[in-house]
Amino acid sequence: MSAEVPLADDERQRLVDQYAQIAALAGGLAHEIRNPLSTISLNLELLVEDIAQGDSPRDRRMLRKLQTVQRECGHLETILEDFLRFIRVGEIDLERTDLNEQVRQFVDFYQTEASAADVEISPHLGTDLPPVMLDLTLFRQALFNLSRNALQAMPKGGLLELQTCVRDGWLELSLIDNGSGMNEETVKNIFKKVFFSTKPGGTGLGLPTVRRIVESHGGRISVDSAPGRGTRFTIAIPPAPDSSVP
Ligand SMILES: Nc1ncnc2c1ncn2[C@@H]1O[C@H](COP(=O)(O)OP(=O)(O)OP(=O)(O)O)[C@@H](O)[C@H]1O
Ligand SMILES: [Mg+2]
C-alpha cells in the first residue's frame, strides 16, 4: 500500500516545468505531423477524383483502397485536432459571467445538432446564481464534449437535461441523459485513462479534455451512471471572488 506524501514546493515546481516541457514537445510534434498529413489528404482527394472517372475493375479496386487510406487519414486528423485542443487547455482567459446565460447560449447553439439526433434538450436553470469566472471558449468546448457524448449514448433519441444550482457555496451544472449509461469498469476508466474509448473511431480525449478544462477553472467533475438508465455528469465551480453566495 502506498501513502501519498505531499510534495515540497520546489519539487512541485520541477514537475510543473517538466509537464509544460513535455506538453510543448508533444504539441510541437502534433503540429509537425498535421501539415504533411493535410498535404497527403489533399493529394489523396485529387487522386480519388481522378480514379473515380475510370470504370475498369482495376480502377474500382484502386478507388476502394484509396478511400480506405482517405478514411484513415481523416481519423488521424481528428486525433491530432483533439490532441491539440487537449494541450491548449493550459492557456486560460477568464471573465466574470453568468453561468445560466452561458448555458442558454450553448443550448441555442446546440439545438440543431440535438434535434437532428431526436434528442430534446431541457434546461432547468436555478435562480440567484452568483457570477462565475469562465473562459467562455473552453467552457463551451466542455459542454460540447459532454453533450456530444450524451447524444452518442442515445442513438434512438432521448432527453438531455441541463440543470444549474448552488450547492455548498459552489455553482453546479449537471448534464443528465437517459441513454445507454456506463458499467462500473467504464466509469472507472473514463477520467483515469487518456485515449479510453468504447466507440469505434472514438479518440477518448473528450472527457480528459473536459476534466482539464474544469480543473483549470478550480472546479471538479463527477459522474453517476448506470447501464440502461443513463448518465449524469456534474461540474462544480467556485463562485467568482467577491460575489455573495446565497
Ligand atoms: N453520456 C454518456 N453515456 C454513456 N457513456 C458515456 C457517456 N459519456 C462518456 N461515455 C463513455 O466514456 C467513454 C469516453 O468518452 P470520451 O468523450 O472521453 O471519448 P469518446 O467519446 O469515446 O471519443 P471522443 O474523443 O471522440 O470524444 C466513451 O467512449 C463512452 O464509453
Ligand atoms: Mg466523446
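Nothing here was measured: the structure is a model prediction, and the numbers come from that model.

The rules behind these values
Chains are numbered independently. Their residues run from 1 in the order of the written sequence. All chains are assigned letters beginning with A, and all ligands numbers beginning with 1, in the order in which they are written. Predicted model: local features are reported for residues with pLDDT of at least 70 only, side-chain atom pairs are reported and counted for 80 or more only, and whole-chain, interface and lining totals are derived from all residues. Only the C-beta atom matters for nearness: placed from the backbone, it must lie within 6 Å of the molecule or strand for the residue to count as near. Secondary structure counts use DSSP, requiring at least four H or I residues in a row for a helix and at least two E residues in a row for a strand, with both numbered from the N terminus. We call Asp, Glu, Lys and Arg charged. Ala, Val, Leu, Ile, Met, Phe, Trp, Tyr, Cys and Pro are nonpolar, and the rest, Gly among them, are polar. One nonpolar core equals one set of buried Ala, Val, Leu, Ile, Met, Phe, Trp, Tyr and Cys residues connected by C-beta atoms within 7 Å. Counting other C-beta atoms within 10 Å of a residue's C-beta gives its exposure: the residue is buried at 20 or more, exposed at 12 or fewer, and partly exposed in between, where C-beta atoms are placed from the backbone. Any two strands between which DSSP finds at least two bridges are classified as paired. Between N-to-C directions, angles span 0 to 180 degrees; the directions come from axes that are lines fitted to C-alpha atoms, helices contributing only their stretch in contact. Any angle between 65 and 115 degrees counts as roughly perpendicular, while under 35 counts as roughly parallel, over 145 as roughly antiparallel, and the rest as oblique. Crossing chirality is assigned from the near helix's rotation relative to the far helix, an anticlockwise turn below a right angle marking it left-handed and a clockwise turn marking it right-handed. Any residue pair is listed as a contact if its two C-beta atoms, each placed from the backbone, are within 7 Å. Between the first and last residue of a helix there are one fewer steps than residues, each counted as 1.5 Å, and that sum is the expected span. An automatic or database domain assignment supplies the residue ranges for each domain.

Structural notes on the site of ligand 1
- Around ligand 1 sit 23 residues, and of these Asn149, Ala153, Ser197, Gly202 and Gly206 come closest.
- Considering every element that reaches the shell around ligand 1, the biggest residue donor is helix H4 (residues 136-152), with three residues.
- Residue composition of the shell around ligand 1, by class: seven nonpolar, 13 polar and three charged.

Considering the nonpolar core
- Formed by 36 residues in total, the largest nonpolar core has its most connected members in Ala142, Leu146, Ala150 and Ile213.
- Considering each element in turn, this core owes the most residues, seven residues, to H4.

Observations regarding the pairing of strand E4 (residues 158-167)
- In this sheet, E4 lies alongside strand E2 (residues 119-125) in parallel orientation, the contact comprising seven bridges. Across the sheet, Pro123 pairs through a bridge with Leu162, a residue of E4.
- In this structure, E4 lies alongside strand E5 (residues 170-177), joined through eight bridges in antiparallel fashion. Among the inter-strand pairings, Leu162 is bridged to a residue of E5, identified as Leu175.
- Linking E4 back to E5 in an antiparallel pair, the connection comprises two residues, with Asp168 at a positive phi of about 50 degrees.

A short note on the packing of helix H3 (residues 99-116) against H4
- One way to put it is that H3 packs onto H4 with a least axis distance of 11 Å and a crossing angle of 40 degrees. By the angle between their directions, the pair H3 and H4 is classed as oblique. Regarding H3 and H4, the two cross each other, and that crossing is right-handed. In this structure, H3 contributes Gln102, Phe106, Tyr110 and Ala114 to the contact, and H4 contributes Leu136, Phe139, Arg140, Leu143, Ser147 and Leu151.
- Partitioning the contact of H3 with H4 into residue classes produces seven nonpolar, two polar and one charged.

Notes on H3
- Counted at 1.5 Å a residue, the expected span for H3 with its 18 residues is 26 Å, and the 26 Å between its end C-alpha atoms agrees.
- When H3 is considered as a whole, its buried residues turn out to be Leu99, Val103, Tyr110 and Ala114.
- Close packing links the buried residues of H3 with E2, strand E3 (132-134), H4, E4 and E5.
- Looking at the residues trailing H3, positive phi occurs at Asp118, about 60 degrees.

Things to note about the sheet that holds E4
- Reading across from one edge, E2-E4-E5-E7-E6 is the order of the five strands in this open sheet, with mixed pairing throughout. On the outer flanks of this sheet lie E2 and strand E6 (220-226), each paired with one strand and no other. The average undirected angle you get between the axes of adjacent strands in this sheet is 15 degrees.
- Taken together, the seven bridges between E5 and strand E7 (residues 230-237) define a ladder with antiparallel strand orientation. By the bridge assignment, Leu171 is partnered in E7 with Ile237.
- Contacting E2, E4 and E5, H3 runs over the sheet at an angle of about 170 degrees to E2.

Concerning the domain arrangement of the protein chain
- Taken as a whole, the protein chain is organised into domain 1 (9-88) and domain 2 (95-237).
- A C-alpha centroid distance of 27 Å is found between domain 1 and domain 2.
- When its residues are assigned to classes, the side of domain 1 that touches domain 2 shows three nonpolar, two polar and two charged.

Description of the packing of helix H1 (residues 9-53) against helix H2 (residues 57-88)
- Packing of H1 against H2 leaves a shortest axis separation of 9 Å and a crossing angle of 155 degrees. The angle between the axes of H1 and H2 places the two elements in the roughly antiparallel class. Pair H1 / H2 crosses with left-handed handedness.
- Of the residues that constitute the contact of H1 with H2, the class distribution is 21 nonpolar, four polar and three charged.

Quick notes on the pairing of E6
- Here seven bridges tie E6 to E7, and the two strands are oriented antiparallel to one another. Looking at E7, one finds that Asp224 is bridged to Arg232.

Regarding H2
- For H2, built from 32 residues, the straight-helix expectation of 46 Å at 1.5 Å per residue is met to within 8% by its first-to-last C-alpha distance of 47 Å.
- Those residues of H2 that fall on the buried side of the exposure criterion are Asp82, Phe83 and Phe86.
- Looking at the packing, one finds that the buried side of H2 touches H1 and helix H6 (206-216).

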